[in-house]
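Analysis of the macromolecular model
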Amino acid sequence: MSNTDYDNNDVKIITRPVQSKNPVLIEGFPGIGLVGNIASQHMIEELKMEYIGSIDSRYFPSIAVLYEGLINMPVRIYESVEHNLIVVISDIPISHTVSYDVSNALVDWAESINVREIASIAGIAIMDGGHKVFGAATTPEMLNRIKEKVEVFQMGTISGISGSVMAECLLRGIPAFSLLGATRTQNPDPRAASAVIEVLNELYGLSISTVRLIEQAERIEIELQRLAEDVQTAEQKGEVKKEFPMYG
C-alpha cells in the first residue's frame, strides 16, 4: 500500500498520493434532502476536482455506479490542489450499523494526510420556510469562525455518518464543523445545498456559482408540481387506488 492507503479489513481506502499540504476535507454523504451529496457533487464539478481514490467496505451494497456509461465507485475521493481541498462524496447511504467503522476509517485516513480541519455537510428537517444553514463545531474556536455565517445549532443531535465523523473528530482533537442545510422535504433539495455552498464560499474564499443548483431546484419543483396535478386529476377521474405501494 502507498502512504495514502488505509485498510483495516472492514473498510478500505485506496488513493493516489495526495498533493495538497494540510488540506481541508469536506465530506457529503446522502441523507435528508440529499444535501451533502448534491453540494459535494456540485463543488467537484465547479472546481473541476480530480478523482484520486475511493472508499470501499464489505458492508457496502454490492453495486457499481454508472455515469455516462463509465463505472464509478459509490464512495469517491476528489482533490483540488489549487484550493487545497479534499472532497469525499457517496452515492449510497451508509447504514447506522456501519457509520462508526466508516467514520473511524475516514478520520484515520484524514490524519494520515495531515488535514487541517474537517467539514461535514448534511441536511436537517425544519417545519418553517427558508433555507437556513445550521452549524455546530467541535471546538469554541471553530464555532467562532462559523457563528456569524450560520444559525448555531444550539441543542439536538446529528445522526448518521455526519454525526459519527464529528464525534470522532472531537475525540481526536481534530478541528471540525458541521453545516446542516435546512429542508422541509425528503426529496432532493438543491436550494438547501446551494445555501450550504454559499457558506463554504465565505469560509474558504471560494467563488463556486450556485446558478445551476437553483435552476435544478426550479426544474424539480416544476416536475413535482406537475406530478401532483397529474395525481389530483387521476383521483378526480377515479383512476387512482386508495392505497399506494411504496415501490412499483
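First, a word on scope: everything that follows refers to the structure included in this document.

**Some remarks on the pattern of salt bridges**
Considering all chains together, one arrives at 10 salt bridges under this definition. Salt-bridge contacts for Arg212 lead to Glu46; the nearest nitrogen and oxygen are separated by 3.2 Å. Placement of Arg212 in helix α6 (residues 211-236) and of Glu46 in helix α1 (residues 35-46) is noted, with a sequence separation of 166 residues between them. Arg212 sits in the partly exposed class, given a relative accessible area of 39%. A salt bridge links Glu168 to Arg172, with the shortest nitrogen-to-oxygen separation between them at 3.0 Å. Residue Glu168 and its partner Arg172 are located together in helix α4 (residues 160-172), separated by 4 residues, close to a single helical turn. Residue classification places Glu168 among the buried positions, given a relative accessible area of 7%. The exposure class assigned to Arg172 is partly exposed, which follows from its relative accessible area of 24%.

**Side note on the packing of α1 against helix α5 (residues 190-204)**
Helix packing for two helices is described by the angle between their axes and how far apart those axes are. The interhelical angle for the contact between α1 and α5, taken along N-to-C directions, is 55 degrees, at an axis separation of 8 Å. Taken together, the axis directions place α1 and α5 in an arrangement best described as oblique. Two packed elements cross with a definite hand, and for α1 against α5 that hand is right-handed. Residues Val35, Ile38, Ala39, His42 and Met43 of α1 form the contact with α5, whose own contacting residues are Pro190, Ala192, Ala193, Val196, Ile197 and Leu200.

**A look at the packing of helix α2 (residues 96-112) against α4**
α4 packs onto α2 with a crossing angle of 45 degrees between their chain directions and a minimal axis gap of 8 Å. Classified by the interaxial angle, the pair formed by α2 and α4 is oblique. Relative to α4, α2 is oriented so that their crossing is right-handed. Only Gly160, Ile161, Ser164, Val165, Glu168, Cys169 and Arg172 of α4 make contact with α2, whose side of the interface consists of His96, Ser99, Tyr100, Val102, Ser103, Asn104, Leu106, Val107, Asp108 and Glu111. Looking at side-chain class alone, the contact of α2 with α4 contains 7 nonpolar, 6 polar and 4 charged residues.

Parameters at a glance
- Residues numbered from 1 in each chain as written.
- Predicted model: local features only at pLDDT ≥ 70, side-chain atom pairs only at ≥ 80, totals over all residues.
- Heavy atoms only, no water.
- Salt bridge = Lys/Arg side-chain N within 4 Å of Asp/Glu carboxyl O.
- Helix = DSSP H or I, 4+ residues; strand = E, 2+ residues; numbered from the N terminus.
- Buried < 20%, exposed > 50% of the residue type's maximum accessible area, 1.4 Å probe, protein only.
- Axes fitted to C-alpha atoms, helices over the stretch in contact; angles between N-to-C directions.
- Parallel < 35°, antiparallel > 145°, perpendicular 65-115°, else oblique.
- Left-handed = near helix turned anticlockwise from the far one by under 90°.
- Contact = heavy atoms within 4.5 Å.
- Nonpolar A, V, L, I, M, F, W, Y, C, P; charged D, E, K, R; others polar.

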